[in-house]
Amino acid sequence: MKAEQLQPYYSEFDVSNRILLSGHSHQAWPNVAKDGLLACFSDAAKHIDDKWGAAFEKAEIVRNFYRDLMGESNAQIALGQSTHELILRFLSDLACFKSKKNSPIKIVTTNGEFHSMRRQLDRLKDLNIHINVVDTHPAETLAERLINELDETTDAVMISAVFFASSRIFHGVGDVAVAAKNLAIPCLVDAYHALNVIPFNLYDWRLDSAFIVGGGYKYCQAGEGNCFMRIPTGYNGSPIITGWFAEFESLDQAPGKVGYGKGQAAFAGSTYDPASHYRAASVFTFFKEHNLTAEVLSNVNKEQIARLWQGIEKMDLPDNVLSLPSHSINDNAGFLSLTTKQAAKWVKMLAEHGIQTDSRGDQLRLGPAPYVTDEQIDEALSCIKLIAKDF
């Protein structure tokens, strides 16, 4: 379905009158999202405290959507309001935090991680935990350099499939996960910027042994509160940070002991606002009804990125104004990240022309979405060319 045909379904977000190149950060919701929110209210009003049966049905629709995206129909999926919440549960399940360790705690990561992970790991440094931060550049040797950091003293490796500032795909993430598995090191992969925008089959990526975190705020159009963590098959944890929902399946819990269910149940949270899952379930049903599969959306995004990339390339702008990524377009994921020392100024000037973008440091990020038309992309490119004259 072409963007022009999709736009009426997103009229509440006024996508036809605004150029929303912020799809990598927050995509517009289809109008049916409102139906989900209203249904949540209706069920709460009708069922009072018995609403949870209906709410858990919505939660299962959310789990199944993520299972389909990853190509694992029986995946163990723990849900959470944010990836940070789920990362905390993962960290609290590491053996080094549950028993005395003779050597220092060591976690391996990169300097390209999203704030949820980056900030928490930085804070752990203050607790004398060794956080080994590997530079993402040069990208060609990143997997090898990460693997070289892994040894019998490593307690976890936490990395991304796509780096959130540059949109560069980390093709070697599977090599790292396999190396970690061979050393019995827990591996967590942030797939937020991969899911529903580039093909992400767990087995093709060789990530079947990894914990995977992601969510619906970006390319899944599900809004806030729709994050998940995929638990490796056969893994049964006992995280220190644990909600009472994790007791649902531990029927044989001994008095005075903290019991856990198996698989995803061990990482369950506690009472939450189910409106997020109602909204997501409506959106995911909309996707299915309109054949907006991960493959279709990936192809649409690839064409849009190529249009943006080639449009910027034709402008032949000086590097000190705007420069294309150092990586190839085949290594690029769902948004285009342009280097400029005045990225924040670019965001402001584009906003004055009705074009929504964002920036991270010296990166101006342009994120298309399936409801953005070719004409809107071309209008944005014309505006960029015009603004560039002022730099």
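Only a predicted model underlies this, so the values are computations on that prediction, with no experimental measurement involved.

Novice: Let's hear about the nonpolar core: which residues, and what values?
Specialist: Residues Phe200, Leu207, Ile212 and Phe284 are the most contacted members of the largest nonpolar core, which totals 101 residues. With 9 residues, helix H3 (residues 52-70) is the single largest residue contributor to this core. In this structure, Leu207 is in contact with Val173, Gly174, Ala177, Val189, Phe200, Leu202, Ile212 and Arg230, ignoring residues within four places of it in sequence. Core analysis: the next-biggest nonpolar cluster, separate from the first, contains 25 residues, Ile107, Ala156, Cys227 and Ala266 among them.

Novice: Give a detailed account of empty space enclosed by the protein, specifying residues and quantitative values.
Specialist: A probe as big as a water molecule, rolled over the atoms, marks out the empty space that is left. Applying the stated criterion across every chain yields a total of 1 cavity of 30 Å³ or more. If you add up the space inside the largest cavity, you get close to 80 Å³. If you trace the largest cavity, you find it lined by Gln27, Asn196, Val197, Tyr219, Gln221, Leu297, Val300, Asn301, Gln304, Pro368, Ala369 and Pro370. Within the lining of the largest cavity, the residues separate by chemical class into 7 nonpolar, 5 polar and no charged.

Novice: Describe the layout of surface pockets, naming the residues involved and giving the relevant values.
Specialist: One number sums up the size of the largest pocket: a volume of about 550 Å³. Around the largest pocket sit 30 residues that line it, and Thr136, His137, Phe163, Ser166 and Arg168 are the ones nearest its centre. When contributions to the lining of the largest pocket are tallied by element, the ones reaching two or more residues are helix H7 (142-149) and strand S9 (336-339). Classifying every residue of the lining of the largest pocket by side-chain character gives 10 nonpolar, 15 polar and 5 charged.

Novice: Account for the packing of helix H10 (residues 294-315) against helix H12 (residues 374-388), naming residues and giving values.
Specialist: Orientation of H10 relative to H12, taken along the N-to-C sense of each, is 25 degrees, at an axis distance of 10 Å. When the interaxial angle is binned, H10 and H12 end up roughly parallel. The way H10 lies across H12 gives a crossing that is right-handed. Two secondary-structure elements touch here, H10 through Gln304, Arg307, Leu308, Gly311, Ile312 and Met315 and H12 through Asp374, Ile377, Asp378, Leu381, Ile384 and Lys385. Partitioning the contact of H10 with H12 into residue classes produces 6 nonpolar, 2 polar and 4 charged.

Conventions we followed
- Residues numbered from 1 in each chain as written.
- Predicted model: local features only at pLDDT ≥ 70, side-chain atom pairs only at ≥ 80, totals over all residues.
- Heavy atoms only, no water.
- Core = buried A, V, L, I, M, F, W, Y, C linked by side-chain atoms within 4.5 Å.
- Buried < 20%, exposed > 50% of the residue type's maximum accessible area, 1.4 Å probe, protein only.
- Helix = DSSP H or I, 4+ residues; strand = E, 2+ residues; numbered from the N terminus.
- Contact = heavy atoms within 4.5 Å.
- 1 Å grid on protein atoms, 1.4 Å probe; cavity = no way out; pocket = protein on both sides within 12 Å on 5 of 7 lines; lining within 4 Å.
- Points joined across faces, edges and corners; volume = space filled by probe spheres on them.
- Nonpolar A, V, L, I, M, F, W, Y, C, P; charged D, E, K, R; others polar.
- Axes fitted to C-alpha atoms, helices over the stretch in contact; angles between N-to-C directions.
- Parallel < 35°, antiparallel > 145°, perpendicular 65-115°, else oblique.
- Left-handed = near helix turned anticlockwise from the far one by under 90°.

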